[in-house]
Amino acid sequence: MCIFCEIVAGNIPSKKVYEDDVAYAFLDINPFHAGHTLVIPKRHVDRLTDDPTALGEIAPAVTAVAALLQEKLGAEGLNLLINSGAVAGQEVFHLHVHLIPRYADNPGMSGLAKRDPDIDLDGVYQRLSA
Ligand code: 5GP
Ligand code: ZN
């Protein structure tokens, strides 16, 4: 099983943000911005172009999580990102959409993709779960 299939199965712990019949969403362990979440199909799909229906299946979850991040964390906007293929930076070969909340103190594309080791994952999780 791949690492994200292990997360869906509950064999590897994750900070779950949202779940429906076909999708699972959890906090990225090494976030760009507070609330950085990954939305994945529960079934294994290696990458975007391997399955014509997978992205559509998880679209409702992506929209629901985007609303949750805005409501609970006060994100004013967010970026969606799919890295498809190793050359694009895909490291985990189980399709996932990055939802990256954005805040007024660090706006714009240039501030998008820098890991921030100071983010308090437990604190973010508590705010999302409240
Ligand atoms: P990729 O580069 O494949 O688009 O993104 C993979 C993402 O998965 C990375 O942002 C990385 O931090 C995250 N990640 C990798 N392993 C784990 C894990 O075990 N748990 C969680 N929550 N995130 C992970
Ligand atoms: Zn998988």
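One structure accompanies this document, and this report is about it.

Calculation criteria
Residues numbered from 1 in each chain as written. Chains lettered and ligands numbered in written order. Predicted model: local features only at pLDDT ≥ 70, side-chain atom pairs only at ≥ 80, totals over all residues. Heavy atoms only, no water. Pairing = 2+ DSSP bridges. Helix = DSSP H or I, 4+ residues; strand = E, 2+ residues; numbered from the N terminus. Axes fitted to C-alpha atoms, helices over the stretch in contact; angles between N-to-C directions. Contact = heavy atoms within 4.5 Å. Donors = N, O, S within 2.8 Å, 3.2 Å for Na, K, Ca; no water. Tetrahedral: all angles 85-135°; square planar, octahedral: opposite > 155°, others 65-115°. Buried < 20%, exposed > 50% of the residue type's maximum accessible area, 1.4 Å probe, protein only.

Thoughts on the sheet that holds strand β4 (residues 77–81)
Read from one edge of the open sheet, five strands run β1-β2-β3-β5-β4, paired in antiparallel fashion. Edge positions in the sheet fall to β1 (16–19) and β4, since each of these pairs with one other strand and no more. Across this sheet, the average inter-strand angle for adjacent strands is 20°, counted without regard to direction. Of the strand pairs in this sheet, strand β3 (residues 37–41) and strand β5 (residues 97–102) are connected by three bridges, and their pairing is antiparallel. Among the inter-strand pairings, Thr37 is bridged to a residue of β5, identified as Leu99. Across the sheet, helix α3 (residues 121–129) lies against β1 and β2 (23–27), angled at about 130° from β2, the strand it touches most.

Examining the coordination of the zinc ion (ligand 2)
Ligation of the zinc ion (ligand 2) by protein atoms is provided by Cys2 (SG), Cys5 (SG), His44 (ND1) and His94 (ND1), these donors lying 2.1 to 2.3 Å from the ion. One way to put it: the four donor atoms around the zinc ion (ligand 2) meet at angles of 103 to 121°, and that makes the site tetrahedral. On the primary sequence, the residues serving as donors to the zinc ion (ligand 2) are separated as C-x2-C-x38-H-x49-H. Of this pair, Cys5 sits in helix α1 (residues 3–9) while His94 sits in the loop between β4 and β5, placing them 89 residues apart in sequence. Taken as a pair, Cys5 and His94 share a single burial class, namely buried.

This is a description of form; function is not addressed.
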